[in-house]
Amino acid sequence: MKELTLSANANLAKDDYPDSVIGLTENEETNYSINANAIVLQKLNLNAFYSVAKIHYDQQGAQATALPFPTAVNWSAKNDETVTTNGIDANFFLYDGELKLGMSYTYADGLGETQYSLKPNPGPDDFPHLLSQRESVFIYAHYKIKKNLILKLSHTYEKYEEEDYALNGVNP
């Protein structure tokens, strides 16, 4: 192995809107990721990655059935989402870098949870979980015909599945 690079990243974003009567009142997002990149041979590069994003946000609102519009909040919701993504990439260089062959595989899944309260009903209720999965494979070839001309061929395969009560006919 000629070279190995490891990296990690973490970040946090937080917003509070304490004076908001209707709409977003709080938002927090954390992201973590790790990445490994290896130059195995002078002509072969490999990369692997893993990341997690966690999102939490609170909302509140008012629903009116007649005018005048109510000024009191009559519903609130707490939302939590988690998205995990991982994958691998490989690049192979031939003919002094004039031909580049590569592939990429990515898998991601997500989970969304929503808890809501309606006033004057006591206690919170839960919507069904939102689930999603995505797999993708990308293969390609780049051939350098001239200094400023490259021929690119590629193919992408993607599979996506979800369970979403709003789209799949499940009543909350």
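As a reminder, the structure under discussion sits directly above these lines.
Definitions and cut-offs
Residues numbered from 1 in each chain as written. Predicted model: local features only at pLDDT ≥ 70, side-chain atom pairs only at ≥ 80, totals over all residues. Heavy atoms only, no water. Helix = DSSP H or I, 4+ residues; strand = E, 2+ residues; numbered from the N terminus. Buried < 20%, exposed > 50% of the residue type's maximum accessible area, 1.4 Å probe, protein only. Contact = heavy atoms within 4.5 Å. Areas by Shrake-Rupley, 256 points an atom, 1.4 Å probe, with all protein chains shown as cover. Pairing = 2+ DSSP bridges. Salt bridge = Lys/Arg side-chain N within 4 Å of Asp/Glu carboxyl O. Patch = residues over 30% accessible without salt bridge, like charges linked within 9 Å, V, L, I, M, F, W, Y side chains within 5 Å. Lys, Arg positive; Asp, Glu negative; His and termini not counted. Charge placed at Lys NZ, Arg CZ, Asp CG, Glu CD.

Participant: I keep staring at the overall build of the chain and nothing clicks. Help me out?
Facilitator: Looking only at helices and strands, the chain has 0 helices and 8 strands in total. Of the regular secondary structure in the chain, the N- to C-terminal order runs β-β-β-β-β-β-β-β. The 172 residues of the chain split such that 19% are buried. Put simply, of all contacts in the chain between residues at least 6 apart along the chain, 54% involve residues at least 24 apart. Just so you have it, the chain exposes about 12100 Å², and 55% of that area is on carbon and sulfur atoms.

Participant: Please explain the pairing of strand β4 (residues 75-94) as it appears in this structure.
Facilitator: Consecutive residues of a regular strand have side chains that alternate between opposite faces of the sheet. The sheet contact formed by strand β3 (residues 44-61) and β4 spans 18 bridges and is antiparallel. Bridge pairing links L46 to A90 in β4. Judged from the 20 bridges that link them, β4 and strand β5 (residues 99-118) form a sheet pairing that is antiparallel. Bridge pairing in β5 links N86 to Y107. With antiparallel pairing between neighbouring strands as the criterion, β4 and β5 make up a hairpin whose turn holds 4 residues, including Y95 at a positive phi of roughly 55°.

Participant: Whenever I open this one, the pattern of salt bridges confuses me. Can you help?
Facilitator: Close approach of charged atoms allows side chains with opposite charge to pair. Per the stated rule, a full pass over the model turns up 4 salt bridges. Between D58 and K78 there is a salt bridge, and its shortest N-O distance comes to 3.5 Å. Residue D58 is located in strand β3, and its partner K78 is located in strand β4; the two are separated by 20 residues in the primary sequence. Overall, the relative accessible area of 42% leaves K78 in the partly exposed class. Between E158 and R134 there is a salt bridge; the shortest N-O distance is 3.3 Å. Of this pair, E158 sits in strand β8 (residues 149-163) while R134 sits in strand β7 (residues 130-146), and the two are 24 residues apart along the sequence. We classify E158 as partly exposed; its relative accessible area is 48%.

Participant: Help me out: how do you make sense of unusual backbone geometry in this one?
Facilitator: Peptide bonds are mostly trans, and most non-glycine residues show a negative phi. Positive phi, normally seen in glycine, also occurs at Y95, with a value near 55°. Positionally, Y95 belongs in the loop between β4 and β5.

Participant: Would you take a moment to explain a nonpolar patch on the surface for this structure?
Facilitator: A cluster of nonpolar side chains, Y143, I145, L149, L151 and L153, forms an exposed patch at the surface whose accessible area comes to about 480 Å². Here the nonpolar patch takes 3 residues from β8, the largest share from any one element. For Y143, the location among the structural elements is in strand β7. Classification of Y143 as partly exposed rests on a relative accessible area of 40%.

Participant: Would you mind going over a negative patch on the surface with me for this structure?
Facilitator: A cluster of like negative charges, contributed by D80, E113, D125 and D126, occupies part of the molecular surface. Among the secondary structure elements, D80 is positioned in strand β4.

Participant: Teacher, can you tell me more about the pairing of β8 here?
Facilitator: When β7 meets β8, the two strands line up antiparallel, connected through 15 bridges. Considered in β8, the bridge of I139 is made with H155. Between β7 and β8, which pair antiparallel and follow one another directly, the connecting turn spans 2 residues.

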